[in-house]
Amino acid sequence: VAAEVQRESFFVVRLVVIPLILIVMLSWSVFWMERSLLADRISVSFIGILTAVAYQIVVSDIQPHISYVTLMHGFLNLSLLIMSATVVINLIVGALGGRGKNEAGDRLDRRCRWLFPLTYFGLTAVMVAVTFTFF
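How each quantity is defined
- Residues numbered from 1 in each chain as written.
- Predicted model: local features only at pLDDT ≥ 70, side-chain atom pairs only at ≥ 80, totals over all residues.
- Heavy atoms only, no water.
- Helix = DSSP H or I, 4+ residues; strand = E, 2+ residues; numbered from the N terminus.
- Buried < 20%, exposed > 50% of the residue type's maximum accessible area, 1.4 Å probe, protein only.
- Contact = heavy atoms within 4.5 Å.
- Expected span 1.5 Å × (residues − 1).
- Core = buried A, V, L, I, M, F, W, Y, C linked by side-chain atoms within 4.5 Å.

**Some words on the environment of Tyr 55**
Along the chain, the position of Tyr 55 falls in helix α2 (residues 38-62). Accessibility expressed as a relative area gives 16% for Tyr 55, which makes it buried. Along the primary structure Tyr 55 and Val 16 are separated by 39 residues, whereas in three dimensions their C-alpha atoms are 6.9 Å apart. When neighbours within four sequence positions are excluded, Tyr 55 is seen to be in contact with Leu 15, Val 16, Pro 19, Leu 20, Ile 23 and Leu 76.

In structure tokens form, the structure reads like this:
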């Protein structure tokens, strides 16, 4: 007896990819928050990180357990990494503010406002291109 199985990829896109992209984008709101609100900035970043971890658990439950890295695994890991990087930037901005280098902290925040989206969407595009070119 043979069974034909076909994956509906839009299900995972609708369930995981689109909401996670929005969550990652919302985590970038820290770059518009006051540098003096370091605890609030870090809280926003960690909520995003915890959400990405929850999404990794959801994906591991709905996808087959395989030994190689898929595009979805790469996307989840990239999202987690980008949100983790916001914590590092928050700490740097806080340290700069603590040393009286407020303008340097503001400049870093302004750069991150465009650098993070470019990096995230650029690396996502590279992963998609590599996946569909070689596989």
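**Description of α2**
Compared with the 36 Å implied by 1.5 Å per residue over 25 residues, the 36 Å span of α2 between its first and last C-alpha is a close match. Every buried residue belonging to α2 is among Arg 41, Ile 42, Ser 45, Gly 48, Ile 49, Ala 52, Tyr 55 and Val 59, and all of these are buried.

**Focus on the nonpolar core**
With 25 residues, the main nonpolar core has Leu 20 and Met 72 as its most contacted residues. When residues of this core are traced back to their parent elements, those giving at least two are α1 (9-27), α2, α3 (71-98) and α4 (102-134). If you tally residues by element for this core, the top one is α3, at ten residues.

**Notes on the side chain of Ser 27**
One can find Ser 27 in helix α1. Overall, Ser 27 belongs to the buried group, its relative accessible area being 2%. Excluding its chain neighbours within four sequence positions, the residues that come into contact with Ser 27 are Val 44, Met 83 and Thr 86.

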